[in-house]
Structures are given as structure tokens and as C-alpha cells.
Amino acid sequence: MRLDKYLKVSRLIKRRTVANEACDAGRVSVNDRVARASYDVKVGDKIEISFGTRTVKLVVTDVSETVRKDDAASLYRIVD
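Fair warning: this is a prediction, and the values are worked out from it, not measured in the lab.

**Quick word on unusual backbone geometry**
Logical step 1: The backbone of Arg11 shows a phi angle near 60°, a positive value even though the residue is not glycine.
Logical step 2: Tracing the sequence through the fold places Arg11 in the loop between helix H1 (3-9) and helix H2 (16-24).
Logical step 3: Judged by its relative accessible area of 45%, Arg11 is partly exposed.
Logical step 4: Residues other than glycine seldom take positive phi values, yet Asp32 does so here, at roughly 65°.
Logical step 5: Along the chain, Asp32 turns up in the loop between strand S1 (28-30) and strand S2 (33-34).
Logical step 6: The class for Asp32 is exposed, based on a relative accessible area of 73%.

Structural data, given as C-alpha cells:
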């Protein structure tokens, strides 16, 4: 699954276009490398997203095309 779609499906970023812009701006990195929106997300990838002064680090635990709102948090695990 594309990185921008994963960020939207997992509800880490509200819209896919915003996720795409975040990737283009270099605010999203996967496995310690700045990633493009077209990056293919796999289970076990370490994603780091910069939201202004705050940074969120997470590990992908599942990749699913569709998921209910209540189950969206099961797609990743936040790490420090």
C-alpha cells in the first residue's frame, strides 16, 4: 500500500492529499530515510512523522486497504 494511503487509512493524517503534501515536504521518513508518497509500506516499517515541533514514531503492525474507525489504531504501534 502507498505511504500516503496508509497514513490516511490508519487515520494518522486526516486526508490523503495532506499526507501526500507532508511526504513531499520531507516531514515523513520510513526506516530513517525521507520517503515519498509512493513508498510501498510493509509490516515492520518504522515511520516517523513531524507535526511542527512534535514528532510521532511508530511501527507498522498491519497493512489493510479498509478498516473501521475504531480499529484504525491496530494498524500501528507507537514507539519512543
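**Quick word on the pairing of strand S4 (residues 54-60)**
Logical step 1: Where strand S3 (residues 46-51) lies against S4, 6 bridges are found, and the strand directions are antiparallel. Of the residues in S4, the one forming a bridge with Ser50 is Thr55.
Logical step 2: Linking S3 back to S4 in an antiparallel pair, the connection comprises 2 residues, with Gly52 at a positive phi of about 65°.
Logical step 3: In the sheet, S4 pairs with strand S5 (residues 76-79) via 4 bridges, with the strands oriented antiparallel. In the strand pairing of S5, Lys57 is matched with Val79.

**Regarding the nonpolar core**
Logical step 1: Counting residues in hydrophobic clusters, the biggest one holds 22 residues, and the most contacted among them are Leu3, Tyr6, Leu7, Val28, Ile47, Ile49 and Leu58.
Logical step 2: Mapped by element, the contributors of at least two residues to this core are H1, H2, S1, S3 and S4.
Logical step 3: Ranked by the residues each element gives to this core, the list is headed by H1, at 4 residues.
Logical step 4: Once residues within four sequence positions are removed from consideration, Ile47 is found in contact with Leu3, Tyr6, Val28, Ser29, Val30, Val56, Lys57, Leu58 and Val60.

Definitions and limits used
Residues numbered from 1 in each chain as written. Predicted model: local features only at pLDDT ≥ 70, side-chain atom pairs only at ≥ 80, totals over all residues. Heavy atoms only, no water. Helix = DSSP H or I, 4+ residues; strand = E, 2+ residues; numbered from the N terminus. Buried < 20%, exposed > 50% of the residue type's maximum accessible area, 1.4 Å probe, protein only. Pairing = 2+ DSSP bridges. Core = buried A, V, L, I, M, F, W, Y, C linked by side-chain atoms within 4.5 Å. Contact = heavy atoms within 4.5 Å.

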